[in-house]
Amino acid sequence: MEEYLRNAPIPEYSDEEGISMPLDDLGEISGTDTSVEDGENGDPVDDHHEEPEFDPLAAGLKEISNLGKFTVSSHKQGNGVEQLRNDSLKTYWQSDGPQPHKLTVYFIKRVGIRDIRFFVDYNEDESYTPTKIIFKSGTSENNLIQFATMEMSQPSGWQQVPVAGAGGGPDGNTLVSYVFQMQILENHQNGKDTHLRSIKIYAADTDAPNVDMDSANHVVNEEVDEEPADPWDLSVLEAGLIVPDFMKEPEIR
């Protein structure tokens, strides 16, 4: 019996179209299916979408951070204002004191702020990442007024401070300030100290080429030849008013 089984022919495999082939010709069957994860060329599909880079020039803005003196309430050695302002997102300001952690900017003159953006990264900093921040502005540190609050959950990237509606400028969306301050009240996972990797402050770029809205919105009134108004025309008075009899045209009876 064993000798019969060893010498028995290998059965053939038939597909749906009726084409027969030996099982030996099918090759190895792979148990791994990567058709969902791989692209058409076998490359892994990247689901990560990068944020579009902010272009202040296209928005008619210019950075005015260089007009301010930056101070912090506390910092760990080697992680102070210099690391916050060096344009590298790999370095950061790390506080080293009790909450709230304060970042204050003293401007050398009165400025009109149109946009404020700061960079935090929960993926790198975790419990050092802020969750609640309040923003204040005024003419000095003694009379700062809160104008915005932000609450964040695991933020990663540039965050925009809500400046719209601050009340300054023709449209009411400019923050007029001599002193700007942000106070970090809470961190993720009840962290004590905080990390802030960068901050940018922008004002309107008055030197940027723009459209003269006054001329664009100006309506040209064509001159129309009109006869001078008749001082005895009573039609104006007749509109909603009662004309006395002595002012009417005399009637011949």
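This section reports on the structure supplied with the text. (Residues numbered from 1 in each chain as written. Predicted model: local features only at pLDDT ≥ 70, side-chain atom pairs only at ≥ 80, totals over all residues. Heavy atoms only, no water.)

Another point: the overall build of the protein chain. Regarding its fold elements, the protein chain presents five helices and 12 strands. When the 253 residues of the protein chain are sorted by exposure, 30% land in the buried category. Of all intrachain contacts in the protein chain linking residues separated by at least 6 positions in sequence, the fraction that spans at least 24 positions is 70%. A total of about 18700 Å² of accessible surface is found on the protein chain, and carbon and sulfur atoms cover 48% of it. (Helix = DSSP H or I, 4+ residues; strand = E, 2+ residues; numbered from the N terminus. Buried < 20%, exposed > 50% of the residue type's maximum accessible area, 1.4 Å probe, protein only. Contact = heavy atoms within 4.5 Å. Areas by Shrake-Rupley, 256 points an atom, 1.4 Å probe, with all protein chains shown as cover.)

Once that is clear, we can look at the environment of Q181. With respect to the helices and strands, Q181 occurs in strand β10 (residues 175-187). For the pair Q181 and L144, spaced 37 residues apart in sequence, the C-alpha separation works out to 8.1 Å. In contact with Q181, not counting residues within four places along its chain, are K102, L103, T104, I134, F135, K136, E141 and L144.

Before going further, it helps to spend a moment on the nonpolar core. With 27 residues, the main nonpolar core has I116, F118, F135, F180, M182, I199 and I201 as its most contacted residues. Residue assignment for this core shows that the elements contributing at least two residues are β6 (101-121), β7 (130-138), β8 (145-151), β10 and β12 (198-204). Among the elements that make up this core, the one with the highest residue count is β6 (eight residues). Apart from the residues within four sequence positions on either side, M182 is in contact with H101, K102, L103, F118, I133, I134, F135, L196 and I199. (Core = buried A, V, L, I, M, F, W, Y, C linked by side-chain atoms within 4.5 Å.)

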